[in-house]
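Here is what each chain is made of, one letter per residue.
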Amino acid sequence: MELTVETATSWENLSISNDFLFGKVMQDPELCKELLQRILPELDIDHVEYPELQKTINEDLDAKGVRLDVYVNDEKGTVYDIEMQAVTSRYLPRRTRYYQSMIDLQLVDKGQDYDTLNDSYIIFICLSDLFGKGRYMYTFENTCKEDSEVLLNDGAKKIFLNADGKNGATSEALKAFLDYVAGKPSEDKFVRKLDDAVEKAKKNREWRHEYMTLLMRDRENQKIGKEIGKEIGKIFGAISVYRDLRLSDEEIIAKLHAKFDLTEEQARAYLKEAE
């Protein structure tokens, strides 16, 4: 979950398309179950369970951790990760790959067989069309390239929902939800329940404080990032000038150390990167 300056808005004006608010609303198991049933009508989901709310996965100190918007199981042990994606990036498919790997690491304990891996669905709800075909839904599972009728049957499926969809087979129930995500009014009974839940969530002072804290943190991180970027730009600019003056590498390293308070190792790294 990541709030950005570009996409963040005031708490009072948030809608279901905000990932933070979506995650809070989906803490209602009945709403979450009904949404899953609309996305996957072929499944018969009795109930959903929450191993952790807004589950955070960070298996390794050197690995990039993930914080999942909605992470639930059903009574059969099938795992569902539902992510609200306000900004559609071309890197989303690779993100689903990473999420899948991190989730799988959580599902298999050391020494267990691979056949204990639960079936899983990673579902991204997007405001725009990532694949440009106008479909409401894109479902992916591993198939044989040489024969599309041969399935790998690894139990993993990835689904991208497109709130800006125009075609493709979908139920009126799912279309009503996607229209709601896109900001269009609907008289659908489930959508009305969702909208009531959104308005109720926005009256939760604890959630409002949490959202504003995250927003301020992310703004501060972006500010720090911009400042670091400017400083790095100055370093590379100085290296270019020193090279124009035909200074030796050792002389450049000494000047970088004095001007930017870099260690010799850091100065050498910047010099190498500038080559």
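Residues numbered from 1 in each chain as written. Predicted model: local features only at pLDDT ≥ 70, side-chain atom pairs only at ≥ 80, totals over all residues. Heavy atoms only, no water.

Attention now goes to the overall build of the protein. The secondary structure content of the protein amounts to 8 helices and 8 strands. Within the protein, contacts between residues at least 6 apart in sequence are counted, and of these 63% link residues at least 24 apart. Summed over all atoms, the accessible surface of the protein reaches about 16600 Å², with 48% contributed by carbon and sulfur. (Helix = DSSP H or I, 4+ residues; strand = E, 2+ residues; numbered from the N terminus. Contact = heavy atoms within 4.5 Å. Areas by Shrake-Rupley, 256 points an atom, 1.4 Å probe, with all protein chains shown as cover.)

What follows is about the packing of aromatic side chains. Ring pairs (aromatic) are described by centroid distance and by the angle formed between their planes. With the rule as written, the count across this model stands at 10 aromatic pairs. For the pair Tyr99 and Phe124, a centre-to-centre distance of 6.0 Å together with 50° between the ring planes defines the contact as tilted. Of this pair, Tyr99 sits in helix α3 (residues 92-107) while Phe124 sits in strand β6 (residues 120-126); the two residues are 25 residues apart in sequence, bridging distant segments of the chain. No difference in accessibility class separates Tyr99 from Phe124, as the two residues are buried. On the basis of an interplanar angle of 80° and a centroid distance of 5.2 Å, the ring pair of Phe131 and Phe160 is categorised as edge-to-face. You can see Phe131 sitting in the loop between β6 and β7 (137-140) and its partner Phe160 sitting in strand β8 (residues 156-162), a full 29 residues away along the chain. Among the residues examined, Phe160 registers a relative accessible area of 3% and is labelled buried. (Phe/Tyr/Trp six-rings, centres within 6.5 Å; stacked < 30°, edge-to-face > 60°. Buried < 20%, exposed > 50% of the residue type's maximum accessible area, 1.4 Å probe, protein only.)

Attention shifts here to helix α5 (residues 189-201). Spanning 13 residues, α5 covers 18 Å between terminal C-alpha atoms, matching the ideal 18 Å at 1.5 Å per step. Residues Phe190, Val191, Leu194, Ala197, Val198 and Ala201 constitute the buried set of α5. Buried residues in α5, looked at end-on, bunch into an arc of 120°, giving them a common side. Facing away from the buried side of α5, by more than 90 degrees, are the exposed residues Lys189, Asp196 and Lys200. At the N-terminal end of α5, a side-chain oxygen is found 3.0 Å from the backbone nitrogen of Phe190, two or three residues along, and the residue is Asp188. (Expected span 1.5 Å × (residues − 1). Arc of directions from axis to C-beta. Polar contact = N/O pair within 3.5 Å; in protein donor to acceptor, adjacent residues only side chain to side chain.)

Glancing now at the sheet that holds strand β1 (residues 48-49). Think of a sheet as strands paired side by side through backbone hydrogen bonds, with each pair either parallel or antiparallel. In spatial order, the strands read β1-β4-β5-β6-β8-β7; together these 6 strands make up an open sheet with mixed pairing. Each edge of the open sheet carries a strand with a single partner, namely β1 and β7. In this structure, strand β4 (residues 70-74) lies alongside strand β5 (residues 79-85), joined through 4 bridges in antiparallel fashion. Across the sheet, residue Val72 finds its bridge partner in β5, namely Tyr80. α3 contacts β4, β5, β6 and β8 of the sheet and is inclined by roughly 145° relative to β6. (Pairing = 2+ DSSP bridges. Axes fitted to C-alpha atoms, helices over the stretch in contact; angles between N-to-C directions.)

Okay, the nonpolar core next. One finds Phe22, Val25, Met26, Leu36, Ile123, Ile125 and Phe177 to be the most contacted residues of the largest nonpolar core, which totals 44 residues. With near-sequence residues (within four places) excluded, Phe22 lies in contact with Ile16, Leu35, Val70, Ile82, Met84 and Ile125. (Core = buried A, V, L, I, M, F, W, Y, C linked by side-chain atoms within 4.5 Å.)

Across the 7 residues that make up β6, a large majority, 7, are buried. By the alternation rule, side chains of β6 split into Ser120, Ile122, Phe124 and Cys126 and Tyr121, Ile123 and Ile125, which are all buried.

Turning our attention to the environment of Phe236. Summarising the element assignment, Phe236 is placed in helix α6 (residues 205-244). Distance in space between the C-alpha atoms of Phe236 and Leu271 is 8.1 Å, their sequence separation being 35 residues. Setting aside chain neighbours within four positions, we find Phe236 in contact with Tyr270, Glu273 and Ala274.

Time to look at the side chain of Asn162. Tracing the sequence through the fold places Asn162 in strand β8. Looking at Asn162, its side chain comes within polar contact range of the main-chain nitrogen of Asp129, at 3.3 Å. Once residues within four sequence positions are removed from consideration, Asn162 is found in contact with Cys126, Leu127, Ser128, Asp129, Gly134, Arg135, Tyr136 and Leu178.

Under the definition given, this model contains 13 salt bridges. One salt bridge in this structure joins Arg268 and Glu264, with 3.1 Å as the shortest N-O distance. Placement of both Arg268 and Glu264 in helix α8 (residues 264-273) is noted, with a separation of 4 residues, approximately one turn of the helix. A relative accessible area of 36% means that Arg268 is categorised as partly exposed. We classify Glu264 as partly exposed; its relative accessible area is 49%. Here the residues in one salt-bridge network are Glu34, Arg38, Asp188 and Lys193, joined through shared partners. (Salt bridge = Lys/Arg side-chain N within 4 Å of Asp/Glu carboxyl O.)

So yeah, pure geometry; function would need other evidence.
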